[in-house]
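The chain contents come next:
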Amino acid sequence: MGTVAWASCGGGFQCGAVKVPLDYAHPDADAINIALIRKPAIDRSNRIGSVLTNPGGPGASGVEFLRNEASSMSALNRRFDLIGFDPRGVGASAPVRCLDGPQEDAFNALDSVLDDPQEKDAVIQADKDFAAGCQRKSAKVLPFVDTASTARDMDLIRQAVGDEELTYLGFSYGTYLGQMYGHLFPTHVRALALDGVLDPTLSANDLLLAQIVGFEQNLQAFYADCRARKSGGNPCRYGQSGDPQTKLNALMARLDVNPMRVGTRSLTRGLAVIGVLTPLYDESTWTLLDQALALADQNNGSLLLRFADIYLGRNGNGTYDNQTDANYAINCLDHPVPADIAAYDALGPEFAKASSLFGPATQYSNLLCAYWPIKPKLEPGPLTANGAPPIFLIGGTGDPATPYQWAQAVNKQIPNSVLLTRRGNGHTSYDASSCAHGLIDAYMINLTLPAQGTVCG
C-alpha cells in the first residue's frame, strides 16, 4: 500500500513488491507481499501510465511471463511501463504448496482414465492426499487465493504504481480476473483488453467439457494437416507409416499396459495425454508434436514427456514450480463442484463423445475440488461492469482452451463490450495474429476500438 521500491533485476527490468491484506474482510490483520516486475516506458516524455498484464492459468507466474513476452509488447512499451505480477498463491507471492517433487511425479503419472476399480481408488486417494497436503503446507493462505481477492490486489497495485485508472491486458484465466476487476471497480477502469475469454456463468464441469471439444477440434485439425503433408518438402513424419489418429490411439492403448521408459522415468498414458495436449495450444508447435509422436513410434518418449513437464511446471532437477498447486487452490475457491462421485461417473458418455482421447482422461479432473478443505467462495454468474468504459474482448474461432462461444457469451453479458474475432486455431490471439496484435495495441494506447463484428484472418 503506497509506492513500490523498484530495484534492477536484469535485462532492463525492475522488480519490487506491494503489500496487501491477506484477508480483505480483516484488512488490518495479516499482510502478504505481491511480487512485481516492471519494464519502464521507453518514451518517458510521452508516457501514458502502466499496462498490467496476466498470462492466465490460474497459477502462471506473471513475473516470468513478462520477462519472456515483453519484446512482443514493444509498441505498448514505448509509452507504457509494462508490469507483471505473481497473483496471490502463485510463484513468489505467498505461494501455495501441496506436494514435494517425488509426490507430484507420482500424482501426475497416475492413469486418469478410470476404467477399473483399482485406478479409480488410486485417483480418489491421490486427490484426497493432494488436498490434505495443501492444507498441511499452506493453511494460512489457502482460504484467500480466490479471484476476487486477486482483483482487489490489482487495485492496490494500480494505486502503488501511481495510475489513476487501470490499463490491463489479460489472457485466458486473466480475462476472468479482468472481468472480476471491472465488476468490482468499474469506475477505476481505463482499458481492459481480454484475450481468450472465460465465461463466468458456466459450471466447472461445463467449462471442462467445452475445452475438451476445443482440444479435440484442434487435434482433428492436426491429423488433417498431417494427412495432407504425406510428401513434399515438409512432410508430416508421423503420417508416413499409417493414419495418425489410428496410430495415436494404438500408442495410448500400449502405454496403458506398458509405460515407456525415458531414462529413469516412465511415460504413462496420463502423461502422454498431457504431452499431446500441450502443443495443441499453439499451431506453430504442431511440427514439434509431429516430431514427438514420430519419436514415440521408435520407442522414444522423451519429447512427449518434455511437453508434459512443461505443462505441469516440472524442472529438470525433479522439482516443480507451484502452477499445479495454485491452479487447484484458485479454481477450487472460484468454482463449486459436485461432492458426489456419481456426478462424475455420469459425465462419461458425453465426455467420451466429445473426445475419445481427452474426454475419458479429464472426466474426473474436478473431483479433487470435492475434497478441498475450504468451501468455494463464488457461484457461476455474469460479471457485469456497469459504469466501466467499453471493454475489448478477443476470441479465436478455433481456440481450444477458451472456446469462441465463451467470448460471444461474455460480449452479451457485458453491455458496450466489443468483440474482435480471429479466425484460426490456437489459444489467444495477441501473438497469433498481427491484425489482432495491432488492434489491441491501438486500443491500449489511444482507446480506439474496432467496429463490433471486426474479423482478423
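Engineer: Is there a simple way to think about the state of the cysteines in this case?
Structural biologist: Here a disulfide denotes a covalent bond joining the sulfur atom of one cysteine to the sulfur atom of another. Throughout the structure, instances matching the rule amount to five disulfides. Here Cys226 pairs with Cys236 through a disulfide, and the sulfurs are 1.9 Å apart. Measuring handedness by torsion sign, the sulfur bridge of Cys226 and Cys236 sits at about -80° and is left-handed. A residue pair is termed long-range when its members are at least 10 positions apart, and Cys226 in helix α7 (residues 204-228) and Cys236 in the loop between α7 and α8 (244-257) qualify at 10 residues. The disulfide that involves Cys435 links it to Cys456, with 1.9 Å between the sulfurs. Its S-S torsion of about -65° marks the bond between Cys435 and Cys456 as left-handed, since a negative value means left-handed. Pair noted here: Cys435 is in helix α17 (residues 434-446) and Cys456 is in strand β12 (residues 455-456), with a separation of 21 residues, a long-range link. Residue classification places Cys435 among the partly exposed residues on the basis of a relative accessible area of 32%.

Engineer: Hey, could you run me through the pattern of salt bridges in this one?
Structural biologist: Where charged atoms from two side chains of opposite charge come close, those side chains can pair. The full count for this structure, using the stated rule, is 16 salt bridges. Ionic pairing is found between Arg38 and Asp81, a salt bridge with its closest N-O pair at 3.7 Å. One end of the pair, Arg38, is in strand β3 (residues 31-39); the other, Asp81, is in strand β5 (residues 80-85), with 43 residues separating them in the sequence. With respect to burial, Arg38 and Asp81 carry one shared label: buried. Several salt bridges share partner residues, and in doing so they unite Arg38, Arg44, Arg47 and Asp81 into one network.

Engineer: Where do I start with the packing of aromatic side chains in this structure?
Structural biologist: Aromatic ring pairs: the centre-centre distance and the angle between the two ring planes describe each pair. Applying the stated criterion across every chain yields a total of 13 aromatic pairs. Seen from their ring centres, Phe392 and Tyr443 are 5.3 Å apart, and the 70° between their planes marks the pair as edge-to-face. Of this pair, Phe392 sits in strand β10 (residues 392-398) while Tyr443 sits in helix α17; the two residues are 51 residues apart in sequence, bridging distant segments of the chain. Here the two residues Phe392 and Tyr443 agree in accessibility, since each one is buried.

Engineer: Hey, could you run me through the pairing of strand β6 (residues 166-171) in this one?
Structural biologist: Note on strand geometry: in a regular strand, side chains alternate between the two faces of the sheet. Counting buried residues in β6 gives six out of six residues, a clear majority hidden from the surface. The sheet contact formed by β6 and strand β7 (residues 189-195) spans six bridges and is parallel. Paired with Phe171 across the bridge in β7 is Asp195. On the question of chirality, the crossover connecting β6 to the parallel β7 by way of helix α6 (residues 173-184) is right-handed.

Reading the values: rules and limits
- Throughout, a residue's number is its position along its own chain's written sequence, starting from 1.
- This being a predicted model, a pLDDT of at least 70 is required before a residue's local features are given, and a value of 80 or more before pairs of side-chain atoms are given or counted; all residues contribute to the totals for chains, interfaces and linings.
- Neither water nor hydrogens contribute to the side-chain values; these are computed over all heavy atoms in the structure.
- Only a pair of cysteine sulfur atoms within 2.5 Å counts as a disulfide in this structure description.
- The numbering of helices and of strands both runs from the N terminus, where a helix is a DSSP run of H or I of at least 4 residues and a strand a run of E of at least 2.
- A simple rule labels every residue: compare its accessible area, found with a 1.4 Å probe on the protein chains alone, to the largest value its type can have, and call it buried under 20%, exposed over 50%, or partly exposed in between.
- Salt bridges, as used here, are contacts in which a Lys or Arg side-chain nitrogen is within 4 Å of a carboxyl oxygen on Asp or Glu.
- When two rings of Phe, Tyr or Trp (its six-membered ring) have centres within 6.5 Å they constitute a pair, described as stacked for plane angles under 30 degrees, edge-to-face for angles over 60, and tilted for the intermediate range.
- Strands were regarded as paired on the criterion that DSSP finds at least two bridges between them.
- Orienting the strands away from the viewer, one traces the path from the first strand over the helix to the second; a clockwise path indicates a right-handed crossover.

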